[in-house]
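Structure at a glance
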Amino acid sequence: QVQLVESGGGLVQAGGSLRLSCAASGRGFSSYAMGWFRQAPGKEREYVAGINWNGDYTYYGDSVKGRFTISRDNAKNTLRLQMNSLKPEDTAVYYCAASVTAWGTRLALLGEYGYWGQGTLVTVSS
């Protein structure tokens, strides 16, 4: 089992950057595929980006492709999301999640993830 805690959210102007982190505790972080999702007020949870267990495969949602970069450091049990060229529509609570089953494009499927953090709020002002 793994526990996840996100950090790094905050208020930023449009065009700016933020880096989110997700600290994992428990056993076997390096055996999990990891993902970032987000949820804006009144909207469904949306896939942002995913990464396989060793970091050599990444998969992005269309709305963030080319602007966001997901990475992981298995030695430090940490998942990161570098967010550049932020837009007001990126405003949401961002969640990291862990999966023992997701691979390839299935990284985008909400149901593949069994472990979730509590979320961190990102607000992008125009």
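Provided above is the structure to which this section pertains.
In short, a report on the structure.

A few words now on unusual backbone geometry. Positive phi, close to 50°, is recorded for Asn77, a residue that is not glycine. Following the sequence through the fold, Asn77 ends up in the loop between strand 7 (68-73) and strand 8 (78-83). Positive phi, close to 50°, is recorded for Ser85, a residue that is not glycine. Within the secondary structure layout, Ser85 lies in the loop between strand 8 and strand 9 (92-99).

Moving on: the pattern of salt bridges. Within this structure, the stated rule accounts for five salt bridges. Across the salt bridge formed by Arg38 and Asp90, the nearest N and O atoms sit 2.8 Å from each other. Separated by 52 residues along the polypeptide, Arg38 in strand 4 (residues 33-39) and Asp90 in the loop between strand 8 and strand 9 bring together distant segments of the chain. The same class applies to Arg38 as to Asp90, namely buried. Between Glu112 and Arg106 there is a salt bridge, and its shortest N-O distance comes to 2.4 Å. Overall, the relative accessible area of 37% leaves Arg106 in the partly exposed class.

Criteria and thresholds
- Residues numbered from 1 in each chain as written.
- Predicted model: local features only at pLDDT ≥ 70, side-chain atom pairs only at ≥ 80, totals over all residues.
- Heavy atoms only, no water.
- Helix = DSSP H or I, 4+ residues; strand = E, 2+ residues; numbered from the N terminus.
- Salt bridge = Lys/Arg side-chain N within 4 Å of Asp/Glu carboxyl O.
- Buried < 20%, exposed > 50% of the residue type's maximum accessible area, 1.4 Å probe, protein only.

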